[in-house]
Amino acid sequence: NKKPKIVILGAGYGGMIVASRLQKSTVVKDAEVTLVNKHDYHYQTTWLHEPAAGTMHPDKTRMKIDSVIDTQKINFVKDTVVEIKREEKKVVLSNLELDYDYLVLGLGSVPETFGIPGVKEHAFSIRSVNSVRLIKDHMEYQFASYNKQDEKFEETLTFVVAGAGFTGIEFVGELTERIPELCEMYDIPREKVRLVSVEAAPTALPGFDEELVEYAMNVLESRGVEFMINTPIKEVREDGVLLNDDSFIKSSTVVWTTGVRGNPVVEKSGFDAMRGRIKVTDDLRSPEDENIFVIGDCSLIINEEINRPYPPTAQIAIQQAYTCANNLKALVEGKKELETFKPDIKGTVASLGGKEAIGIVGSRKVYGNSASVVKKMIDNRYLLMLGGMPLVIKKGKWKMF
Ligand code: FAD
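Residues numbered from 1 in each chain as written. Predicted model: local features only at pLDDT ≥ 70, side-chain atom pairs only at ≥ 80, totals over all residues. Heavy atoms only, no water.

K.L.:
Explain the side chain of glutamine 149 to me, and be specific about the residues and the numbers.
P.N.:
Structurally, the position occupied by glutamine 149 is in the loop between α5 (129-146) and β12 (158-162). On the basis of relative accessibility, which here comes to 15%, the residue glutamine 149 falls in the buried class. A distance of 3.0 Å separates a polar atom in the side chain of glutamine 149 from the backbone nitrogen of phenylalanine 153. (Helix = DSSP H or I, 4+ residues; strand = E, 2+ residues; numbered from the N terminus. Buried < 20%, exposed > 50% of the residue type's maximum accessible area, 1.4 Å probe, protein only. Polar contact = N/O pair within 3.5 Å; in protein donor to acceptor, adjacent residues only side chain to side chain.)

K.L.:
Before we move on, could you go through the site of the ligand and cite the residues and values that matter?
P.N.:
Taken together, 32 residues lie around the ligand, and Gly14, Val81, Asp297, Ala314 and Lys375 are the ones closest in. One of the backbone N or O atoms of lysine 38 is found 3.1 Å from a nitrogen atom in the ligand. The contact in question runs from an oxygen atom of the ligand to an N or O atom on the backbone of glutamine 315, over 3.0 Å. Contact with the protein chains removes 91% of the 1000 Å² of surface that the ligand exposes when unbound. Of all elements in the fold, only α1 (13-23), α6 (166-185) and α9 (314-332) reach the threshold of two or more residues within the shell around the ligand. Looking at the shell around the ligand, its residues break down into ten nonpolar, 16 polar and six charged. Two domains each put at least three residues into the shell around the ligand: domain 1 (5-111 + 260-345) and domain 2 (119-256). (Near = heavy atom within 4 Å. Areas by Shrake-Rupley, 256 points an atom, 1.4 Å probe, with all protein chains shown as cover. Nonpolar A, V, L, I, M, F, W, Y, C, P; charged D, E, K, R; others polar. Domains from an automatic or database assignment.)

K.L.:
Could you give an account of helix α7 (residues 210-222), with specific residues and numbers?
P.N.:
In a regular helix each residue adds 1.5 Å, so 13 residues correspond to 18 Å; α7 covers 18 Å between its end C-alpha atoms and thus fits that length. For α7, the full list of buried residues reads Leu212, Val213, Ala216, Met217, Val219 and Leu220. Down the axis of α7, the buried side of the element spans an arc of 160°, and every buried residue falls inside it. Residues of α7 that are exposed and point over 90 degrees away from its buried face: Glu210, Glu214 and Ser222. Packed against the buried residues of α7 are α6, β14 (225-228), β27 (357-361) and β28 (364-367). Between the side-chain oxygen at the start of α7 and the backbone nitrogen of glutamate 211 there is a gap of 3.0 Å, and the oxygen is on aspartate 209. Of the residues one or two after α7, glycine 224 is the one with positive phi, at around 95°. (Expected span 1.5 Å × (residues − 1). Arc of directions from axis to C-beta. Contact = heavy atoms within 4.5 Å.)

K.L.:
Describe the side chain of aspartate 297, listing the residues and the values that go with them.
P.N.:
Note that aspartate 297 resides in the loop between β22 (289-294) and β23 (299-300). Although aspartate 297 is buried, it makes no salt bridge; arginine 127 carries the closest opposite charge, 4.4 Å away. A distance of 2.7 Å separates polar atoms of two side chains, one belonging to aspartate 297 and the other to serine 109. (Lys, Arg positive; Asp, Glu negative; His and termini not counted. Salt bridge = Lys/Arg side-chain N within 4 Å of Asp/Glu carboxyl O.)

K.L.:
Any details on α9? Residues and values, ideally.
P.N.:
Residues three or four positions apart in an α-helix share a direction because the helix packs 3.6 residues into each turn. The first and last C-alpha atoms of α9 sit 26 Å apart over 19 residues, in line with the 27 Å expected at 1.5 Å per residue. Buried residues dominate α9, accounting for 15 of its 19 residues. Positive backbone phi, at 80°, marks glycine 334, one or two positions downstream of α9.

K.L.:
Talk me through the sheet that holds strand β8 (residues 97-99); I want residue IDs and the actual numbers.
P.N.:
Strand order in the open sheet formed by three strands is β6-β7-β8, and the pairing between neighbours is antiparallel. Edge positions in the sheet fall to β6 (81-85) and β8, since each has one partner strand and no second. Taken over all neighbouring pairs, the strand axes of this sheet differ in orientation by 20° on average, direction set aside. Pairing geometry for strand β7 (residues 90-93) and β8, over three bridges, is antiparallel. The partner of lysine 90 across the bridge, within β8, is aspartate 99. (Pairing = 2+ DSSP bridges. Axes fitted to C-alpha atoms, helices over the stretch in contact; angles between N-to-C directions.)

K.L.:
Describe the packing of α1 against helix α10 (residues 368-395), with residues and values.
P.N.:
Where α1 meets α10, the closest approach of the two axes is 10 Å, and the angle between their N-to-C directions is 35°. In contact with Tyr13, Met16, Ile17 and Ser20 of α1, α10 contributes Tyr382, Met385 and Leu386. Residues that form the contact of α1 with α10 fall into these classes: six nonpolar, one polar and no charged.

K.L.:
Hey, could you go over the state of the cysteines for me, with residue numbers and the actual values?
P.N.:
According to the stated counting rule, one finds zero disulfides in the structure shown. Free of any disulfide, cysteine 298 has its nearest neighbouring cysteine sulfur in cysteine 324, separated by 12 Å. The exposure class of cysteine 324 is buried, given its relative accessible area of 0%. (Disulfide = S-S within 2.5 Å.)

K.L.:
Run through the pairing of β28, naming residues and quoting values.
P.N.:
Where β27 and β28 come together, four bridges link them in antiparallel fashion. Residue pairing across strands places isoleucine 358 opposite tyrosine 367, the latter belonging to β28.

K.L.:
Describe the packing of α5 against α6, with residues and values.
P.N.:
For any two helices packed against each other, the geometry is given by the interaxial angle and the distance between the axes. At a minimum axis separation of 12 Å, α5 and α6 run at an interaxial angle of 40°. In this structure, α5 crosses over α6, and the sense of that crossing is right-handed. Touching Ile135, Met139, Glu140 and Phe143 of α5 are Phe171, Leu175, Arg178, Ile179, Leu182 and Cys183, all from α6. Classifying every residue of the contact of α5 with α6 gives eight nonpolar, no polar and two charged. (Left-handed = near helix turned anticlockwise from the far one by under 90°.)

K.L.:
Quick one: what's the story with the sheet that holds strand β9 (residues 102-105), residue by residue and with numbers?
P.N.:
Taking strand neighbours across the sheet as the criterion, the six strands line up as β5-β2-β1-β9-β22-β21 in an open arrangement whose pairing is mixed. A single partner strand is all that each edge strand has here, and the edge strands are β5 (75-78) and β21 (285-286). Pairing analysis gives two bridges linking β21 to β22, with the strands arranged antiparallel. The residue bridging arginine 285 from the neighbouring strand is phenylalanine 293, located in β22.

Dropping the structure here:
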């Protein structure tokens, strides 16, 4: 009577919460649980705009997996997932293969390029600790090298953020805090620096309340952001971006934040997917695979009220992880009845840098410093769920006012 094998792929919001729920349950006695992740640390994707801009040290966003997960109870494998061989119930990693009876797919997402030429080659992305450290170092290098130029090149200090959705706006907000510091550090007048937010849709923050969008744009414009709304980008080149009307913005720094698609492992493994996301059943399984759960940005669930997919968020990934852990426990105990997943959207708060934010909490609109405090409380609440008060004290956000 061999113990069933549960393999969790990805130690992001979804994977970490599943692992932490299972380690507190009887599942770790009744099954063999393994967590696989590319790095030996977990990072908070929702904080990455801060180390990208340089307003937070990258180490603050990450924590060693074994500082939160008890590796006596859950095996941890540091490796990269290459492919899932569904017929054979095997996961191919870069260095080994793992068998599973139940699989949790929580590998997150990658930037959506919409096939626009040059994005992969010439734009930066806010995706991982390493990708954001590169943005920060590159930006500092631009400031440092400007002083050395005899003939000043405008592209050196022109920063283009492609996409004024949630991530793009939060990043631009951080940059409005960081750029004055960099100007001071490198003896450069603020007016030499351009910060341009380019958005293809007819509005910034599409889908957000209009009044909040206006508030956000006013705050950011007052800090020197140039918005180019309704402006699709045709191509990214080494020296800038080509817009749909064939005008060109010279820039040595283009950061791509126009949305995400599911991890490429999904398509490589032959799942039926839309933009790399698997439309899951009510109990969060892949419709073709009754032993594979899919959570977080690799999953797609429909908001019945508007008949459109929910945008992928950490909030949903975390809630799915709770249901997924309960359902794994039920299966290990031989039960047939599984829990149905119902998202409970508590609101959305976008930071605008410093002590400014906007958002909806419940059905209330929040602005300014109070919104920023709510945002920090949301961040701390996740740490509390994951590692209790010691983790909040170690990694939490305390500068509230
Ligand atoms: P992730 O948390 O991204 O984790 C995926 C994990 O898989 C990572 O640890 C990664 O290293 C690992 N991995 C990836 N590929 C492989 C591989 N091949 N092999 C092994 N390991 C691999 N959502 C909100 O709800 N609220 C917010 O305020 C918010 N703000 C955001 C701000 C920014 C700047 C960004 C970029 C996103 C924000 N989001 C927010 C969205 C949120 O971060 C994602 O929806 C969430 O991270 C998805 O969780 P996940 O568990 O699916 O994946």
